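Take a look at the letters that make up each chain.
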Amino acid sequence: MNVVKFGGSSVANAEQISKIIGVVTSDTDRRIVVVSAPGKRFAGDIKVTDLLIALADTVLGGNDFEAALKAVVDRYTEIQRNLDLPAGVIEIITADLRGRIETRGPSKLQFMDAMKAAGEDCNARVIAEAFTKAGNPAKYMNPGAAGMLLSAEFGNAEVLEESFKNLSSLKDSKEIVIFPGFFGVTKGGDIATFPRGGSDITGAILAAAVNADVYENFTDVDSVCSMDPRVIDNPPAITCMTYREMRELSYAGFGVFHDEAIIPAVRAEIPICIKNTNNPSAPGTMVVPKREPEHGSVVGISSASGFCSIYIDKYMMNREVGFGRRLLQILEEEGISFEHTPSGIDNMSVLLASANISDKKETHVLNRIKTELKPDNISVEHGLALLMVVGEGMHYTPGMAAKATQAFREANINLEMINQGASEISMMFAVKESDRENAIQALGTAFFPKKTSSN
Ligand code: ASP
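Note that this is a predicted model, so its numbers are computed, not measured. (Residues numbered from 1 in each chain as written. Predicted model: local features only at pLDDT ≥ 70, side-chain atom pairs only at ≥ 80, totals over all residues. Heavy atoms only, no water.)

Draft legend 1. Molecular detail of the overall build of the chain. Check the secondary structure of the chain and you find 14 helices and 17 strands. For 455 residues, the compact-globule formula gives about 23 Å, and the C-alpha radius of gyration of the chain, at 25 Å, lands near that figure. Structurally, the chain occupies a C-alpha span of about 75 × 65 × 40 Å along its principal axes. Taking all 455 residues of the chain together, the buried fraction comes to 52%. The contacts in the chain between residues at least 6 apart in sequence include a share of 73% that link residues at least 24 apart. (Helix = DSSP H or I, 4+ residues; strand = E, 2+ residues; numbered from the N terminus. Rg over C-alpha atoms; globule rule 2.2 N^0.38 Å. Buried < 20%, exposed > 50% of the residue type's maximum accessible area, 1.4 Å probe, protein only. Contact = heavy atoms within 4.5 Å.)

What follows is the structure in structure tokens.
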């Protein structure tokens, strides 16, 4: 049995919904379907979730909300008409939205979540109708009724453990289950949503709950690219990677999934397949618990800007027991998380996301380090980019770092920092932000040399 999730662009209009019916019914293993709210139909369009947020804001501002309500209902009406579904479904949707507005309580956060959830909820009702009309019995499943219990952290909810048991019975459904993504209910019965993009989380929870063979995540790309296609022309596709590889890649700006989204599927060791709704016969990218990598192979190179490093130098630092702990404790007390801490015999650097440290905080932290740790030198470097070279095949392979540093030397790029993860499946390089694109190109040429044909 497969759990299949379709993102907003895959369910944005009637044409896309007809495609997903074709995708689901082409494989009898596809039994549980998680759907997003209708996304953008074209560049510049507005996602239904954003229309709902605007509607909720209008209501909360005490303003006339009829136009904002109509903007939402119109999206579903367009789908209903083009799929030739009974008009009654639009009446249900309109009454449902008005009901959410009229019965709202005092909490703005709770009201906002109830409104945001309507995007997925209404779409699942429409899509279930569309499946049934096309001759494939399907049923809309309400997450609350199915036992998708979430913590009462509105807008940022987490799944409660008992949900997995509650949801496991979905596998016995005779009909195809159409399950709205993005939300569940609290123990108090209130609707709560995951963070934005959270339909991926719903899919991963259901895949784990029914112990699916595969969690198929349909989006609008054929596969995940090994490098940023905005920087490298036609980078090779990734056919298979492990969860660890994906995590290392997504950490430096790789837009596969929000990696926390798939934790439930990872814990249950369910393979994930990323596929394209618009080209479903393309094999896609598999994300698996384990794989046998080619020796010395790299799966992908990711990069992100917006980092800074604090460099501290103190003679005989290596003899000073607790130096590193005290340094990190200062960061902890200031509520700052760090990314890497490469160190030498008498020096230590801490790499941070610049967004985590304001100018004022930086001055305060530097002063604390100076007074509490008495370093010989301390300096801060801003404007750094990180590059991650990732691959299980790098494990125990000599010469991987040399290959990268040689590539940087040839491209005349100054390396600010190197760090090899203890797992040996990733190498991190920090360069100036202005060198980032050249650095990706240099590493791309080194690790993915274009295959030249012999004749
Ligand atoms: N519709 C929600 C959003 O736009 C959730 C999702 O699509 O995954 O964030």
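Draft legend 2. Just the environment of K70, in detail. The topology assignment puts K70 in helix α3 (residues 66–82). The sequence separation of K70 and A204 amounts to 134 residues, and the corresponding C-alpha distance is 33 Å.

Draft legend 3. Structural context of unusual backbone geometry. You will see that N234, though not glycine, has its phi angle at about 45°, which is positive. Following the sequence through the fold, N234 ends up in the loop between β8 (224–225) and β9 (237–238). We classify N234 as exposed; its relative accessible area is 73%. At K374, a residue that is not glycine, the phi angle is positive and equals roughly 45°. Of note, K374 is situated in the loop between α12 (359–373) and β15 (377–390).

Draft legend 4. Seen up close, helix α4 (residues 88–102). Helix length check: α4, at 15 residues, gives a terminal C-alpha distance of 21 Å against a target of 21 Å (1.5 Å per residue), a fit within 8%. Buried residues of α4: V89, I90, I93, L97, R100 and I101, and no others. All buried residues of α4 lie within an arc of 115° about the axis, which places them on one face of the element. The outward face of α4, more than 90 degrees from its buried face, is lined by the exposed residues E91 and E102. Each element contacted by the buried residues of α4 is listed here: α2 (48–60), α3, α5 (108–133) and β6 (191–193). (Expected span 1.5 Å × (residues − 1). Arc of directions from axis to C-beta.)

Draft legend 5. Geometry of α5. Look at α5: 38 Å from first C-alpha to last across 26 residues, which is about the 38 Å you get at 1.5 Å a residue. Most of α5 is tucked away, with 19 of its 26 residues classed as buried. Count one or two residues on from α5 and you reach G135, which has phi positive near 90°.

Draft legend 6. Expanded view of the sheet that holds strand β14 (residues 347–353). Read across the sheet, five strands follow the order β14-β13-β15-β17-β16 without closing on themselves; strand pairing throughout is antiparallel. Strand pairing shows two members of the sheet lacking a second neighbour, β14 and β16 (417–420), which therefore form its edges. The sheet shows a mean angle of 35° between the axes of neighbouring strands, taken without regard to direction. Relative to β15, strand β13 (residues 300–313) runs antiparallel, the two being bridged by 11 bridges. Looking at the pairing, S302 lines up with M388 of β15. (Pairing = 2+ DSSP bridges. Axes fitted to C-alpha atoms, helices over the stretch in contact; angles between N-to-C directions.)

Draft legend 7. Structural view of the sheet that holds strand β10 (residues 240–242). The mixed open sheet is built from eight strands, whose spatial order is β3-β4-β2-β1-β7-β11-β12-β10. Of all the strands in the sheet, just β3 (138–140) and β10 have a single pairing partner and so form its edges. Averaged over all pairs of adjacent strands, the angle between strand axes in this sheet comes to 20°, irrespective of strand direction. Bridge analysis of strand β7 (residues 214–219) against strand β11 (residues 272–276) gives five bridges, and the strand direction is parallel. The partner of Y215 across the bridge, within β11, is I272. Lying on the sheet, helix α1 (residues 14–25) is in contact with β1 (2–6), β2 (30–35), β4 (176–180) and β7; it crosses β2 at an angle near 150°. The strands touched by α5 are β2, β3 and β4; relative to β4, the strand with the most contacts, the crossing angle is about 160°.

Draft legend 8. Structural context of the site of the ligand. Taken together, S36, A37, K47, T49, E120, F182, R196, G197, G198 and S199 form the complete shell of residues around the ligand. In the environment of the ligand, a nitrogen atom lies 2.7 Å from a nitrogen or oxygen atom belonging to the side chain of T49. Between G197 and the ligand, the recorded distance is 2.8 Å, taken from a backbone N or O atom to an oxygen atom. Taken by itself the ligand offers 260 Å² of open surface, and the protein chains cover 92% of this. Looking at the shell around the ligand residue by residue, the classes come out as two nonpolar, five polar and three charged. (Near = heavy atom within 4 Å. Polar contact = N/O pair within 3.5 Å; in protein donor to acceptor, adjacent residues only side chain to side chain. Areas by Shrake-Rupley, 256 points an atom, 1.4 Å probe, with all protein chains shown as cover. Nonpolar A, V, L, I, M, F, W, Y, C, P; charged D, E, K, R; others polar.)

Draft legend 9. Structural detail: the nonpolar core. V3, L167, L170, F179, L206, Y215 and M241 are the most contacted members of the largest nonpolar core, which totals 52 residues. If you tally residues by element for this core, the top one is helix α8 (residues 199–209), at seven residues. Discounting chain neighbours no more than four positions away, the residues touching Y215 are V3, K5, S199, D200, G203, A204, A207, A265, I270, P271, I272 and C273. V72, V73, I90 and A128 belong to the second largest nonpolar core, which has 47 residues in total. (Core = buried A, V, L, I, M, F, W, Y, C linked by side-chain atoms within 4.5 Å.)

Draft legend 10. A look at the packing of aromatic side chains. With the rule as written, the count across this model stands at two aromatic pairs. Considering the side-chain rings of F6 and F218, the 5.0 Å spacing of their centres and the 25° angle between planes classify their relative orientation as stacked. A residue pair is termed long-range when its members are at least 10 positions apart, and F6 in strand β1 and F218 in strand β7 qualify at 212 residues. The exposure class of F6 is buried, given its relative accessible area of 0%. Owing to a relative accessible area of 0%, F218 belongs among the buried residues under this scheme. Note on F408 and F429: the rings are 5.3 Å apart at their centroids and 65° apart in plane angle, and the pair reads as edge-to-face. Residue F408 is located in helix α13 (residues 400–410), and its partner F429 is located in strand β17 (residues 426–432); the two are separated by 21 residues in the primary sequence. Grouping residues by exposure puts F408 and F429 together as buried. (Phe/Tyr/Trp six-rings, centres within 6.5 Å; stacked < 30°, edge-to-face > 60°.)

In short, shape yes, function no, at least from these values alone.
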